[in-house]
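Tertiary structure, described
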Amino acid sequence: MLDKHYDPKKVEEGKYERWVNAGYFKAGQDKSKPPFSLVIPPPNVTGKLHLGHAMNTTYEDIIARYKRMKGYDVLWLPGMDHAGIATQAKVEAKLREQGISRYDLGREGFLKKAWEWKDEYAASIHEQWKKMGLSLDYSRERFTLDEGLSKAVKHVFVTLYQEGLIYQGERITNWDPELRTALSNIEIVHQDDPGDFFYFRYDIVDSNDSIVVATTRPETMFGDTAVFVNPKDPRYQKYIGKQVINPANGEKLPLMADSYVDMKFGTGAMKCTPAHDPNDFALAKKYGFPFIKVLDETAHMNEKCGPYQGMDRYECRKALVEKIKAEGHLIKIEKIVHSVGHSERSGAVVEPMLSKQWFVKMKPLADAVLAYQKTQGKVEFLPKRFEKVLLRWMSNIEDWCISRQLWWGHRIPAYYNKETGEVLVSETAPDPKLYRQDEDVLDTWFSSALWPFATMGWPDTTSPDYQRYFPTSVMVTAYDIIFFWVSRMVFDSLHFTGKAPFQKVIIHGLVRDEQGRKMSKSLGNGIDPLDVIDRYGVDALRYFITTNAAPGMDMRYSDAKVASAQAYLNKIWNACRYVEGVLGEDYTPRPLEKKKLGTLDRYLVDHLERTIKKVGAKMDEYQFGQASSTLYDFVYDDFCSSYLEFSKISLAHGGEEAAVTKDVLYWTIKDIILMIYPYAPFVSEEMYLSLPGHLDSIMLETYPVYERKLLDKKASDQVAILLAMIKDIRNYKSSHGIAPNAKVKLAVSPREPFAGSGEYLTRFAFASSYEIRPEALEGSPFLYPGCEMVVEEDVDPEVLRKRLSEQQDSLHFEIARSEKILSNPGFLQKAPKAKVEAEQTKLAQNKAMLVTLEEKLHSLQK
RNA sequence: GGAUGCUUAGCUCAGCGGGAGAGCAUCGCCCUUACAAGGCGGGGGUCACAGGUUCGAACCCUGUAGCAUCCACCA
């Protein structure tokens, strides 16, 4: 027997362990079932899981649990990401607190610390997965740095190298001077920062003239090789080909012309620093200038900078500007706000810098994706619009810098001959006496990109899991990770397996705080899922977080809505408790037979079937919000507020009528529990196990099946009239200041909505008397299609007349509306037949009601 | 500069071609034995604005405004 109150803590206790021990989450136990697979987006081992993870994994769990009930052999594969740069930044920060740097520990020692960190956070992530109730197959858990993934990473690297799609090159890359590594474009966060725009005067050699050049980064002037103007610029044409003096170091620079220069920007004259700016780099290549690096890997000035050597870039900037000012070459300093790139992980201002890195040549890989997305089998995005995000990125792609000067990650399988320096790229390490391995590791996303197939045993394509579960069925992820991850999985998978890694990508939004702000550490507005679970239970959190936003839309966290989710679950809980009490110990479920059902049963079953159909359809479309609200309406309106209340009467009748009522109650509550189950597995399991004839777990049940033959529109229409009558009486009492439970005399004419409805009306409207009369009635009337109901009380004729005349107005309005629509030839011709008929029926009913109403008004006026 | 999304009840949001919905808030009445974490009944909306398509538009198209996000550029 269920407890009187739904206590989430009590309900959740012990269930997860039981599920895991019973092996319910394990895939491949019945291979006669069709496979359905998905892999978890591996969380970073950098910290605790937040509400975003809770949302993402709950969607996945709903899908996994739903598909299992629909008869699939579901594999939901868990795992975590080593998150190279993110984790290394965290571990370094922790060491820094102890006054240690990674260089003090050395590579080996540092990696030991990193693995300790990983173990600690992996344990905490496991604990959270358990709390969330995720039905993951732990027997297949993977880690991006494990042996299998490492093998796959090497294989991919070597293959791409051999195919000429990986190369080493000296390029301008984004350099994080704090973590001392190169970054890829998408690891840079641009933000608008205030800054200074310095205008300097450059004297022209052998002339008294000068030109003014503006820059935001004076410290890079030691690396300048030229000044550029636009060839069409009338201000400077006469100086083109001359030389100017660099005010930073007095060196002569050529004054060149190139149409790249924007005449309207700054002074129209631009300094060129080939080693510290990607555009200048391109210009330098074009004109054959040297590349002079002036910064070291920690963004301190190097030996090229004379007296400024050893200074930090900002100290140098300040000192240099002072010097130039003192020498009279500073024209002005303009305050500007400009977009500055910061490292996503360290927050440091990124320095564009020339360095030798490994790159993936993206064009061929991206083109393959673009071509694939034009085929039938393309990866389908839900919602559709997110496909454009992928396509746009793929069409404007630049080569991917994959080497990182870090230690935590997959070490690049490139080896240098100690004597010749020649590069050897190989999956197996050559003799260490002859070769030394490249010091760098790969970008984390290089391994994450292989996740859907490498976790299934690839590159061994004969692996049973790869054969059975790859390609995966769906991928669920937030929109902010489409570039980083989704796109890379797609191109690697297409290239290496010849297949897309998943059929569908289900994109969801982000969870924001109650004010709509992004949750962040600096704002301190993050909400810990464990706190929410503690207060409302995990089922309420799961329900809230997956049903309160349309697909792909952000949502705000709201305590009130989690509480409301809990109240809903409590509602079902109590309905279940009622049914359980009604059924008693010795009830044995019987299948529903339509011919045995009464009108009320037919109405409820009709609505139940329609609900099953719609909820199932929405679940199949991954429209979890719509599925849940369809069920919600049925639970409240049809089941709890109507049928459950009516059942109190039919049960009292006893006999076969009561027995049928029990059957209907049983099947309905069971189907409700089964439909809410993917959202709220813990409380569903508890309720399910309290029902007669249950299996060992709700996890063994099948999803409710829509049965068309149980539909009954006639019964639904009849009961709708009864419901309207009850509501009208309640409203009548409320608006006339009559106590709800005060008795009134009721009569209907010429017949009831359906045989036996009077008893229900009497009870729920608190009637003191109830009669069916064939003749027209005196008193305060309510009109329905095919019948009327009267309250036979002494009512002020004025009040009555007013109410009748309001009703008359509304009928007139309705009739006019119907007539207008039906007199439109276009409507009759083009609208669906059912619509036209429904409108005609409505018009006829309203007209009949109006006739009755006007007779009443007339007799009242006499 | 380019792209995408949003604008619906006091607040937070669903709905996205056939008569405006939910939660919370609000007002009134009820401790009626499943549920007071509740029940019953109400009030509250020219669905941003302007055009267009359609028999019919909150919903489709075009434009405008405001807000948000992403990408690119910024010497």
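Residues numbered from 1 in each chain as written. Chains lettered and ligands numbered in written order. Predicted model: local features only at pLDDT ≥ 70, side-chain atom pairs only at ≥ 80, totals over all residues. Heavy atoms only, no water.

Take the packing of aromatic side chains next. Under the counting rule described, the total for this entry stands at 46 aromatic pairs. Seen in terms of ring centroids, Tyr632 and Tyr636 are 4.7 Å apart; in terms of plane orientation they differ by 35°. Their pairing is tilted. Of this pair, Tyr632 and Tyr636 both sit in helix 19 (residues 624–653), four residues apart, which is roughly one turn of the helix. Overall, the relative accessible area of 33% leaves Tyr632 in the partly exposed class. By way of ring pairs, the aromatic residues Phe157, Tyr161, Trp358, Trp400, Phe446 and Phe491 are connected into one cluster. Note that Arg488 overlies the ring of Trp400, its terminal NZ or CZ placed 3.9 Å from the centroid. (Phe/Tyr/Trp six-rings, centres within 6.5 Å; stacked < 30°, edge-to-face > 60°. Helix = DSSP H or I, 4+ residues; strand = E, 2+ residues; numbered from the N terminus. Buried < 20%, exposed > 50% of the residue type's maximum accessible area, 1.4 Å probe, protein only. Lys NZ or Arg CZ within 6 Å of the ring centre and 35° of its normal.)

Before going further, it helps to examine the sheet that holds strand 16 (residues 400–401). Sheet architecture is open: four strands sit in the order 6-5-14-16, paired in antiparallel fashion. Edge strands, defined here as strands with exactly one partner in the open sheet, are strand 6 (181–183) and strand 16. The pairing of strand 5 (residues 166–176) with strand 14 (residues 351–360) spans 10 bridges and is classified as antiparallel. Each residue of the ladder has a partner; that of Arg171, found in strand 14, is Ser355. Packing of helix 7 (residues 278–287) onto the sheet brings it into contact with strand 5 and strand 14, and relative to strand 5 it is tilted by some 135°. (Pairing = 2+ DSSP bridges. Contact = heavy atoms within 4.5 Å. Axes fitted to C-alpha atoms, helices over the stretch in contact; angles between N-to-C directions.)

If you look at the biggest cluster of nonpolar residues, it comprises 135 residues, and the most contacted ones within it are Ile545, Tyr557, Met619, Phe639 and Leu761. The leading source of residues in this core is helix 19, at 12 residues. Contacts of Leu761, omitting those with residues within four sequence positions, involve Leu722, Met725, Ile726, Leu746, Val748, Phe766, Tyr770 and Met789. Counting residues in hydrophobic clusters, the runner-up holds 61 residues, among them Leu77, Ile166, Ile186 and Ile507. (Core = buried A, V, L, I, M, F, W, Y, C linked by side-chain atoms within 4.5 Å.)

The α-helix advances 3.6 residues per turn, and as a result positions three or four apart in sequence lie on the same side. Between its first and last C-alpha, helix 22 (residues 713–735) extends 32 Å over 23 residues, near the 33 Å set by a 1.5 Å rise per residue. Turning to helix 22, its buried residues are Ala715, Ser716, Gln718, Val719, Ile721, Leu722, Met725, Ile726, Ile729, Tyr732 and Lys733. At the N-terminal boundary of helix 22, the capping side chain belongs to Asp712, with an oxygen 3.3 Å from the backbone nitrogen of Lys714. Directly after helix 22, the chain includes Gly737, whose backbone phi takes a positive value near 70°. (Expected span 1.5 Å × (residues − 1). Polar contact = N/O pair within 3.5 Å; in protein donor to acceptor, adjacent residues only side chain to side chain.)

So, about the pattern of salt bridges. In this structure the tally under the stated criterion is 55 salt bridges. Arg18 is paired through a salt bridge with Glu685; the nearest N and O atoms lie 2.9 Å apart. Of the two residues, Arg18 sits in helix 2 (residues 15–22) while Glu685 sits in helix 21 (residues 681–689), which places them 667 residues apart along the sequence. On the basis of relative accessibility, which here comes to 1%, the residue Glu685 falls in the buried class. (Salt bridge = Lys/Arg side-chain N within 4 Å of Asp/Glu carboxyl O.)

In this structure the tally under the stated criterion is zero disulfides. Left unpaired, Cys576 is separated from the closest cysteine sulfur, that of Cys640, by 11 Å. (Disulfide = S-S within 2.5 Å.)

Residue position: Lys670 is located in helix 20 (residues 655–676). Residue classification places Lys670 among the buried positions, given a relative accessible area of 11%. The spatial distance from the C-alpha of Lys670 to the C-alpha of Phe491 is 45 Å, given a sequence separation of 179 residues. In this view, Lys670 contacts Tyr688, Leu691 and Glu701; residues no more than four positions away in its chain are not counted.

It is worth spelling out the pairing of strand 5 at this point. Bridge count for strand 5 against strand 6 is three bridges, and the pairing is antiparallel. Across the sheet, residue Asp176 finds its bridge partner in strand 6, namely Thr181. Hairpin remark: strand 5 followed by strand 6, antiparallel, with four residues in the connecting loop; positive phi at Arg180, about 55°.

Once that is clear, we can look at the sheet that holds strand 20 (residues 435–437). Strand order in the open sheet formed by three strands is 19-18-20, with antiparallel pairing between adjacent strands. On the outer flanks of this sheet lie strand 19 (423–425) and strand 20, each paired with one strand and no other. Ignoring strand direction, the axes of neighbouring strands in this sheet form an average angle of 30°. Pairing between strand 18 (residues 414–417) and strand 19: three bridges, direction antiparallel. From the neighbouring strand, Ala414 faces strand 19, where its bridge partner is Val425.

On the secondary structure map, Asp440 appears in the loop between strand 20 and strand 21 (441–442). Excluding residues that lie within four positions of it along the chain, Asp440 makes contacts with Gln357, Ser403, Arg404, Gln405, His410, Arg411 and Ile412.

Further remarks concern the environment of Ile527. Position of Ile527 among the secondary structure elements: in the loop between strand 24 (511–512) and helix 15 (529–536). Taking the C-alpha atoms as reference points, Ile527 and Tyr557, 30 residues apart in sequence, are found 8.5 Å from one another. Leaving out residues up to four positions away in the same chain, Ile527 has contacts with Leu51, Met519, Val532 and Tyr557.

Turning our attention to helix 6 (residues 147–162). Along its 16 residues, helix 6 runs 23 Å from first to last C-alpha, staying within 8% of the 22 Å computed at 1.5 Å per residue. Residues of helix 6 that are buried include every one of Leu149, Ser150, Ala152, Val153, Val156, Phe157, Val158, Thr159 and Leu160, and no others. The backbone nitrogen of Gly148 has a side-chain oxygen 3.3 Å away, supplied by the residue at the start of helix 6, namely Asp146. Two residues or fewer past helix 6, Gly164 is found with a positive phi of approximately 80°.

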